[in-house]
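# Descriptive structure summary
Residues per chain, in single letters:
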Amino acid sequence: MYYVYLLQNKSKTKTYLGFSQDLKKRLKEHNSGRSLYTEGDEWNLVYYEAFLSELDARRREAKLKQNRNAKNCLFKRVENSLEM
């Protein structure tokens, strides 16, 4: 399985979109400072999508990161979970 995920830091001021084949391991990496952008914060998983195809997951991640409308639709979908 391949995952596209949305994290939010504990202070609810930042979000992070990512891709991983092992979501639990990747979340631990984010929270242990092994990721440059998320270093120094504690992160919570807000949302994820699961894919059988790695290519589909990578394309979805790229679309969310590059297309403001796609990202805004996702944020609208999870607006009550984000609490920004």
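One can find the structure itself at the top, above this paragraph.
Before going into details, it helps to say that this report is about the structure given with it. Going along each chain's sequence as written, the residues are numbered from 1 onward. It should be noted that, the model being predicted, local features are given only for residues of pLDDT at least 70 and side-chain atom pairs only at 80 or more, the latter also being counted only at that level, while totals for whole chains, interfaces and linings use all residues. For side-chain calculations, the full set of non-hydrogen atoms in the structure is used, while hydrogens and water are omitted.

### Regarding the overall build of the protein chain
To keep it simple, the criterion reads: For the purposes of this entry, the term helix denotes a DSSP run of H or I that reaches at least four residues, the term strand denotes a run of E that reaches at least two, and both are numbered from the N terminus. The globule rule used for comparison is 2.2 Å times the number of residues to the exponent 0.38, while the radius of gyration itself is calculated over C-alpha atoms. For every residue, the accessible area obtained with a 1.4 Å probe (protein chains only) is divided by the maximum for its type, and the residue is called buried under 20%, exposed over 50%, and partly exposed between those limits.
Each helix and strand in the protein chain was counted, giving 4 helices and 3 strands. Each helix and strand of the protein chain, ordered N terminal to C terminal, gives the series β-β-α-β-α-α-α. A globule of 84 residues ought to have a C-alpha radius of gyration of about 12 Å, and the protein chain, at 12 Å, matches this closely. A burial count over the protein chain gives 39% of its 84 residues as buried.

### Digging into the packing of helix α2 (residues 54-66) against helix α3 (residues 68-77)
Counted only if it meets this: Helix axes are fitted to C-alpha atoms over the stretch in contact, other axes to C-alpha atoms as well, and angles between N-to-C directions run from 0 to 180 degrees. Note on angle classes: values under 35 degrees are labelled roughly parallel, values over 145 roughly antiparallel, values of 65 to 115 roughly perpendicular, and the remainder oblique. Any two residues having at least one pair of non-hydrogen atoms within 4.5 Å are treated as being in contact.
Direction vectors running N to C along α2 and α3 enclose 100°, while the axes themselves pass 5 Å from each other. Considering their axes alone, α2 and α3 lie roughly perpendicular with respect to each other. Here α2 contributes K63, L64 and Q66 to the contact with α3, which in turn contributes R68, A70, K71 and L74.

### Focus on the packing of aromatic side chains
This is how the line gets drawn: Centres within 6.5 Å make a pair out of two Phe, Tyr or Trp rings, where for Trp the six-membered ring is used; the pair is then stacked when the planes are under 30 degrees apart, edge-to-face when over 60, and tilted otherwise.
A full pass over the atoms with the stated rule returns 4 aromatic pairs. Their ring planes at 25° and their centres at 5.6 Å tell us that Y16 and Y37 sit as a pair that is stacked. Here the residue Y16 occupies a position in strand β2 (residues 15-20), and Y37 occupies one in the loop between α1 (23-31) and β3 (43-51), the gap between them amounting to 21 residues. Among the aromatic residues, those joined into a ring-pair cluster are Y5, Y16 and Y37.

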